[in-house]
Amino acid sequence: MNILVTGGAGYIGSHTAVELLEDGYEIVLLDNFSNSKPEVVNRIKSITGKDFKSYKVDLLDKQRLEKVFEENPIDAVIHFAGFKAVGESVANPIKYYKNNVVGTLILCETMNRYNVKKMVFSSSATVYGMNNTSPLTEDMPLSTNNPYGSTKMMIEMILNDLSYSDRDWRLSILRYFNPIGAHESGLIGEDPNGEPNNLMPYITQVAVGIRDKLTIFGNDYPTHDGTGVRDYIHVVDLAKGHAKALKKILEKQGTDVFNLGTGIGYSVMELIRYFEEANEINIPVTLSGRRPGDVAVCYADPDKAARILDWRAEKDIYDMCRDSWRWQSKNPEGYK
Ligand code: WQD
């Protein structure tokens with residue numbers, strides 16, 4: 001089986017590429033390297049000892065994309081390629097709608113042309129918006145308050161319409177919660193461009209000395225300690241969830257949507273404490289006001305993925321904290 005992994009040099013894409021290769025799949029990795037480094041390809045190869053083809057292609061370049069399908073028999077696609085910074089999307093919505101939505105449309109058109117109609121799509125818990133109460137279930141109404149989240153919600157709608165128009169399409173839409181951690185080798189991990197938006201990469205950059213302290217965005221939320229609660233999931237568990245979703249669409253017809261989370265919420269202060277305990281490192285903090293757009297609490301009901309995909313997260317918060325630190329301490333400047 002040959003799987004095209006778009007955005008395969010990214011944080012979640014690279015971990016999923018490792019899982020697929022170790023599960024015995026062939027892969028073709030596609031990335032425009034706008035938010036990732038070619039070095040990741042080498043790291044995937046050294047972790048798995050497997051070879052595979054990789055292409056520097058932007059999904060908006062239809063001709064180059066078609067060439068990938070001309071040159072490789074593709075059985076299914078796992079589609080990660082997309083921009084994901086909430087703040088940037090607010091400042092530059094056109095960049096996000098064009099890259100994420102138009103890019104996905106061109107991918108689907110090309111897949112259709114080559115009769116490749118199986119896709120696992122990387123969505124996000126952000127589509128649950130501000131009005132749902134955790135634990136979040138897949139049948140809840142969707143809403144978004146930023147263009148990044150809107151691109152994910154629009155693509156979910158596009159994929160549902162596509163599968164309704166042509167039953168040959170088999171689609172698995174995966175809503176991620178908060179991916180953290182890294183492969184146990186410490187060879188691949190999260191490598192944000194510039195100042196990290198997300199909590200764990202900021203913590204690890206403070207730990208390794210790139211940043212002098214962590215700013216906690218608000219401690220007046222209606223939570224047990226006043227700081228935001230999130231469902232942190234190990235990126236390797238997330239990658240295994242993709243492998244299970246892929247297996248499902250290769251085996252049987254249908255389109256479905258799944259939460260990939262642990263079902264456990266940890267506050268900002270708790271995550272900091274677990275990180276400090278797991279790695280015996282002190283993280284200096286300062287307090288500021290709430291970050292616009294943040295919800296107080298967000299965690300998954302993960303039962304549907306357990307029931308239908310036979311998948312549950314297995315790694316705990318200590319694994320996530322230790323593995324995040326191992327990656328950062330072995331790669332203080334990321335992939336450079
Ligand atoms: C987690 C908690 C912050 C940074 C985002 C996207 C979501 C997905 C994951 C793409 C919150 C607090 C953070 C910091 C802090 N991305 N925080 N200081 O916002 O839950 O989700 O990333 O799919 O779509 O929305 O993750 O890590 O940014 O924040 O106090 O320097 O940490 O307020 O409570 P978030 P996050």
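Thresholds applied
Per chain, the residues get numbers from 1 upward, laid out in the order the sequence is written. It should be noted that, the model being predicted, local features are given only for residues of pLDDT at least 70 and side-chain atom pairs only at 80 or more, the latter also being counted only at that level, while totals for whole chains, interfaces and linings use all residues. Note: side-chain values were computed over all heavy atoms of the structure, leaving out hydrogens and water. Buried means the residue's accessible area, taken with a 1.4 Å probe over protein chains only, is under 20% of the maximum for its type, while exposed means over 50%, and partly exposed covers the values in between. Helix and strand definitions follow DSSP, with helices as H or I runs of at least four residues and strands as E runs of at least two, each counted in order from the N terminus. Here, the arc refers to the directions that run from the helix axis to the C-beta atoms. Here, the term nonpolar core denotes a set of buried Ala, Val, Leu, Ile, Met, Phe, Trp, Tyr and Cys residues that are joined through side-chain atoms within 4.5 Å. Whether two residues touch is decided by their heavy atoms; if any such pair falls within 4.5 Å, the residues are in contact. To estimate the expected span of a helix, count its residues, drop one, and scale the result by 1.5 Å. Under this definition, polar contacts are N or O atom pairs within 3.5 Å; protein pairs additionally need one hydrogen-donor-capable and one acceptor-capable atom, and for neighbouring residues in sequence, both atoms have to be side-chain atoms. Working definition: rings of Phe, Tyr and Trp (its six-membered ring) pair if their centres are within 6.5 Å, and the pair is stacked with planes under 30 degrees apart, edge-to-face with planes over 60 apart, and tilted otherwise. We call a charge positioned above a ring when the Lys NZ or Arg CZ atom is no farther than 6 Å from the ring centre and deviates by at most 35 degrees from the ring normal. Each pair of strands is called paired provided DSSP finds at least two bridges between the two strands. The definition of a right-handed crossover adopted here requires that, viewed with the strands pointing away, the path from the first strand over the helix to the second runs clockwise.

**A short note on helix α3 (residues 62-71)**
- Among all positions of α3, only L65, E66, V68 and F69 are buried. All buried residues of α3 fall inside an arc of 150° around its axis, so they share one side. With respect to the buried face of α3, the exposed residues turned more than 90 degrees away are Q63 and E70.

**A look at the nonpolar core**
- Among the nonpolar cores identified, the biggest contains 41 residues, and I3, L20, I44 and L246 are the most heavily contacted of them.
- When residues of this core are assigned to their parent elements, the largest contribution, seven residues, is made by helix α8 (residues 235-251).
- In contact with I44, other than residues within four places in its own chain, are G8, S14, A17, V18, L21, L29 and F52.
- Core analysis: the next-biggest nonpolar cluster, separate from the first, contains 26 residues, V28, Y55, I106 and V116 among them.

**Observations concerning helix α9 (residues 268-279)**
- Across its twelve residues, α9 extends 17 Å between first and last C-alpha, which sits within 8% of the 16 Å expected from 1.5 Å per residue.
- Looking one or two places after α9, you find E280, whose phi comes out positive at around 50°.

**Quick word on the environment of K117**
- Residue placement: K117 occurs in the loop between α5 (93-113) and β5 (118-124).
- Between the C-alpha atom of K117 and that of A296, which follows or precedes it by 179 residues, the distance is 38 Å.
- In this structure K117 touches N112, D166, D168, W169 and R170, once residues within four positions along its chain are discounted.
- Side-chain polar atoms of K117 contact the side chain of D166, separated by 2.5 Å.

**Things to note about the packing of aromatic side chains**
- One pass over the full model with this rule turns up seven aromatic pairs.
- Ring geometry for F69 and Y114: centres 5.6 Å apart, planes at 25°, overall stacked. Remark: Y114 occurs in the loop between α5 and β5 and F69 occurs in helix α3; sequence separation between them is 45 residues.
- Taken together, the ring pairs in this structure connect Y266, Y274 and Y318 into an aromatic cluster.
- The ring of Y202 is capped by R211, whose NZ or CZ atom sits 5.9 Å from the centre of that ring.
- Between K304 and the ring centre of F258, over which it is positioned, the NZ or CZ distance is 5.2 Å.

**Section: the sheet that holds strand β14 (residues 297-298)**
- Within the open sheet, the three strands sit side by side as β12-β9-β14. Their pairing is mixed. Only two strands of the sheet have a single neighbouring strand rather than two, namely β12 (266-267) and β14.

**Examining the pairing of β5**
- Summarising burial for β5: six of the seven residues are buried, a large majority.
- When strand β4 (residues 76-79) meets β5, the two strands line up parallel, connected through three bridges. In the sheet register, H79 faces β5, and the bridge partner there is F121.
- Bridging between β5 and strand β6 (residues 170-176) involves seven bridges; their strand directions are parallel. Across the sheet, the residue bridging to V120 is S172, located in β6.
- Once the chain exits β5 it traverses helix α6 (residues 147-165) before rejoining the sheet at β6, and the crossover so formed is right-handed.

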